[in-house]
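Here is how the chains run, residue by residue.
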Amino acid sequence: MGTLRKDGRLQLVALGANVSANGEPLTQSLSHAIKAISDSGFDLRAVSRFFRTPCFPVGAGPDYVNAALVVRTALNPLQSLERLHEIEAQFGRERVQRWGKRTLDLDLIGVGDDVLPDEAEYHRWRALDPALQAQAAPDRLILPHPRLQDRAFVLVPLVDIARHWPHPVLGETLEQLLSRLPQQDLAEVVPL
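Because the structure is a prediction, the values reported are computed rather than measured.

J.: Even after reading the chapter, I still don't get unusual backbone geometry, so can you show me in this structure?
T.: Most peptide bonds adopt trans geometry, and most residues besides glycine take a negative phi value. Residues Leu116 and Pro117 are joined by a peptide bond in cis, for which omega reads -10 degrees. Within the element layout of this structure, Pro117 appears in the loop between strand S5 (105–111) and helix H4 (119–126). A cis amide bond links Leu143 to the next residue, Pro144, at an omega of -10 degrees. Within the secondary structure, Pro144 is located in the loop between helix H5 (130–133) and helix H6 (152–162).

J.: What is the right way to read the pairing of strand S4 (residues 64–72) from this model?
T.: Residues in a regular strand point their side chains to alternate faces of the sheet. Burial analysis of S4 places 8 of its 9 residues in the buried class, which makes it a mostly covered element. Bridge analysis of strand S1 (residues 10–17) against S4 gives 8 bridges, and the strand direction is antiparallel. When the sheet's bridge partners are listed, Ala14 is paired in S4 with Ala68. Bridge count between strand S2 (residues 43–47) and S4: 4 bridges; the pairing is antiparallel. When the sheet's bridge partners are listed, Leu44 is paired in S4 with Val71. Across 3 bridges, the pairing between strand S3 (residues 51–53) and S4 is antiparallel. Within S4, the position partnered with Arg52 by the bridge is Val65.

Basis of the calculations
Residues numbered from 1 in each chain as written. Predicted model: local features only at pLDDT ≥ 70, side-chain atom pairs only at ≥ 80, totals over all residues. Heavy atoms only, no water. Helix = DSSP H or I, 4+ residues; strand = E, 2+ residues; numbered from the N terminus. Buried < 20%, exposed > 50% of the residue type's maximum accessible area, 1.4 Å probe, protein only. Pairing = 2+ DSSP bridges.

Below you can see the structure in the form of structure tokens.
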């Protein structure tokens, strides 16, 4: 998917849920969320398989169902994030606890070769002490997502649809980043 680097309108989105808003299976909830994303002006270019993944952090709730999308949109990254948050709210998402249970989690992971707001801020959030990560949330959009290279539950679905996307800071493809994760982390991400 090398075109992602050349066309900033292509965006990577991660999806996840571990609590049903209305009692339906999580896979059905994510399918409805994907339709809502499409109906909200995002042109779906690729949709990954669904994966069962352990809750992160461990013990914070039931297992997740995760997926990823490549979308094309005329929206800039901030507008896209705002639209994704609106869709989360439609699905009952409440931002009560960082890394808490979620009816829908939509994360803008990357937009072409954009680094937002700048490389220094990206590196600051990437290097944030793990103990502080559960407490501190950025007050602005950081792109690419500063911890995507650490999370199998994000990388596995993304590699399913955009394996050749080059990380604009780390200089490696998603597939290369995935190959660096521990085998145990990868084994916990199970296709449905």
